[in-house]
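Architecture at a glance
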Amino acid sequence: MSRAALLDRLARRSRRVRVLGLTGSIGMGKTTTAAMARRLGCPVHNADAVVHALMRPGGPAVRPILAAFPTVADATGGIDRKALGRLVFGNPSQLRRLESIVHPLVRAAERAFLARQARARRPVVVLDIPLLFETKGETRCDRVAVVWAPEVLRTLRVLARPGMTASTLAHVRSLQTTEAFKRANADALIPTGLGHRPAWVALRRVLQHMRQGPACPSRRRLTRTVRPHA
Ligand SMILES: CC(C)(COP(=O)(O)OP(=O)(O)OC[C@H]1O[C@@H](n2cnc3c(N)ncnc32)[C@H](O)[C@@H]1O)[C@@H](O)C(=O)NCCC(=O)NCCS
Ligand SMILES: Nc1ncnc2c1ncn2[C@@H]1O[C@H](COP(=O)(O)OP(=O)(O)OP(=O)(O)O)[C@@H](O)[C@H]1O
């Protein structure tokens, strides 16, 4: 285990904040499920929202991104995300370059969030991270919930978005871990293809078990990949 991972785990253990990682591929229902977690009283840290804020005018990522990608300034002094996407999606080395700027800032925001929630003595919080497995973020979580819907439904959802094409979707999918990997490494699956109620029930169940603590009787049923509990 790396030093940073060890520090994360020790910090969580001492503060007793339990962390549910929420992830899933594009269009599977992370945002909708994260909104449910908030309604269930659970603070949510949204990594995507942090990335957006970092790139707004005056945001801490603007200057380093413009130094690396000088053509992606927008008219207001922020970052033109679509232009940046055109440069990095399809160009692995440029994408790595962007990630090396953005991901450390996202991690710093996440640490600040966890520290705030620990001070507020929150029992359970959610980290909504689209690329949780891709960035090995599961090591910072006590449990991981994966949102999932049948492929055909997900494709229909995503292709209904303005500007989205089948080839863009195929490319984004090729950058992300497979559904099989995500599902095999999930502690819980949140179905989003059956309407809101089943997703709500599954999420509430996970959060209830986490609030009950490490000795909760259903832990084995919940957990397919056994992880140490903080
Ligand atoms: C390149 C950017 C500006 C394009 O923004 P845009 O609004 O056009 O697209 P959006 O962010 O909605 O991404 C589209 C899809 O690509 C996926 N995606 C985004 N970044 C990555 C990545 N580094 N690796 C794999 N998939 C990615 C998203 O999860 C989403 O499903 C943006 O995706 C970005 O800043 N990416 C790098 C930061 C990052 O890794 N973010 C992921 C969450 S922390
Ligand atoms: N439980 C659910 N029941 C019915 N529809 C759902 C459910 N969850 C999500 N959806 C629908 O699926 C679509 C995609 O959901 P959402 O935006 O939450 O996905 P996402 O994983 O956050 O997408 P992205 O990866 O692009 O950010 C939306 O139209 C949403 O209304």
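Predicted model, so just to flag it, every value in this text is computed and none were measured. (Residues numbered from 1 in each chain as written. Chains lettered and ligands numbered in written order. Predicted model: local features only at pLDDT ≥ 70, side-chain atom pairs only at ≥ 80, totals over all residues.)

The next thing to look at is helix H10 (residues 196-212). Here H10 contains 17 residues, and its C-alpha end-to-end distance of 24 Å stays within 8% of the 24 Å for a straight helix at 1.5 Å per residue. For H10, the full list of buried residues reads Ala199, Ala202, Leu203, Val206, Leu207, His209 and Met210. Buried residues along H10 cover an arc of 160 degrees about the axis, so they all sit on one side. Residues Arg197 and Val201 are exposed on H10 and point more than 90 degrees away from its buried face. (Helix = DSSP H or I, 4+ residues; strand = E, 2+ residues; numbered from the N terminus. Expected span 1.5 Å × (residues − 1). Buried ≥ 20, exposed ≤ 12 C-beta atoms within 10 Å, placed from the backbone. Arc of directions from axis to C-beta.)

Taken together, 14 residues lie near ligand 2, and Gly29, Thr31, Thr32, Thr192 and Ala199 sit nearest. If you list the elements that add at least two residues to the shell around ligand 2, you get helix H2 (30-39) and H10. Looking at the shell around ligand 2 element by element, the count peaks at three residues for H2. Broken down by class, the residue content of the shell around ligand 2 amounts to four nonpolar, eight polar and two charged. (Near = placed C-beta within 6 Å. Nonpolar A, V, L, I, M, F, W, Y, C, P; charged D, E, K, R; others polar.)

As recorded in UniProt, the sites labelled "binding site: ATP" (unreviewed entry) are Gly27, Met28, Gly29, Lys30, Thr31 and Thr32. Summarising the element assignment, Gly27 is placed in the loop between strand S1 (18-23) and H2. Taking the C-beta count within 10 Å as the criterion, Gly27 has 23 such neighbours and is therefore assigned buried. When residues no more than four places from it in sequence are discounted, the contact partners of Gly27 are Arg154, Arg157 and Val158. The contact partners of Met28, leaving out residues within four places of it in the chain, are Val147, Trp148, Ala149, Arg154 and Thr192. (UniProt positions renumbered as here; feature names shortened; annotations may be inferred. Contact = placed C-beta atoms within 7 Å.)

This part covers the domain arrangement of the protein. Taken domain by domain, the protein consists of domain 1 (1-43 + 124-230) and domain 2 (48-121). Contact residues are listed per partner, giving eight residues for domain 1 and eight residues for domain 2. (Domains from an automatic or database assignment.)

Before going further, it helps to spend a moment on the sheet that holds strand S4 (residues 143-148). Read across the sheet, five strands follow the order S2-S3-S1-S4-S5 without closing on themselves; strand pairing throughout is parallel. A single partner strand is all that each edge strand has here, and the edge strands are strand S2 (44-46) and strand S5 (188-191). Averaged over all pairs of adjacent strands, the angle between strand axes in this sheet comes to 25 degrees, irrespective of strand direction. As paired strands, S1 and S4 are joined by four bridges and run parallel to one another. Following the sheet pairing, Gly21 is matched in S4 by Val144. (Pairing = 2+ DSSP bridges. Axes fitted to C-alpha atoms, helices over the stretch in contact; angles between N-to-C directions.)

The next thing to look at is the site of ligand 1. Lining the immediate surroundings of ligand 1 are 19 residues, of which Ile26, Arg81, Gly85, Pro130 and Leu175 lie closest. Only helix H3 (47-54), helix H5 (81-88), helix H6 (92-119) and helix H8 (166-175) provide two or more residues apiece to the shell around ligand 1. Residues belonging to the shell around ligand 1 are distributed by class as follows: 13 nonpolar, two polar and four charged. Shared between two domains, the shell around ligand 1 holds at least three residues of each, these being domain 1 (1-43 + 124-230) and domain 2 (48-121).

A few words on the nonpolar core. A general trend in soluble globular proteins is that nonpolar side chains are found buried together. Leu20, Val126, Ala145, Ile190, Leu203, Val206 and Leu207 are the most contacted members of the largest nonpolar core, which totals 42 residues. When contributions to this core are tallied by element, the ones reaching two or more residues are S1, H2, H3, H6, strand S3 (124-128), S4, S5 and H10. Take this core: its biggest share by element is six residues, from H10. When sequence neighbours within four positions are dropped, the list of residues in contact with Ala145 reads Leu20, Leu22, Ala186, Asp187, Ala188, Ile190, Leu203 and Val206. (Core = buried A, V, L, I, M, F, W, Y, C linked by C-beta atoms within 7 Å.)

Turning our attention to the pairing of S1. Of all six residues making up S1, six are buried, and the element is well covered by its neighbours. In S1, alternate side chains face the same way, and those of Arg18, Leu20 and Leu22 on one face and Val19, Gly21 and Thr23 on the other are all buried. Here S1 pairs with S3 via five bridges, running parallel. If you follow Val19 over to S3, its bridge partner there is Val125.

What follows deals with the packing of H2 against H10. In contact at an axis separation of 10 Å, H2 and H10 are set at 55 degrees when each is read in the N-to-C sense. The pairing of H2 with H10 is recorded here as oblique in orientation. As for the relative orientation of H2 and H10, their crossing is right-handed in sense. Between H2 and H10, the residues in contact are Thr33, Met36 and Ala37 and Ala199, Trp200, Leu203 and Leu207, respectively. (Parallel < 35°, antiparallel > 145°, perpendicular 65-115°, else oblique. Left-handed = near helix turned anticlockwise from the far one by under 90°.)

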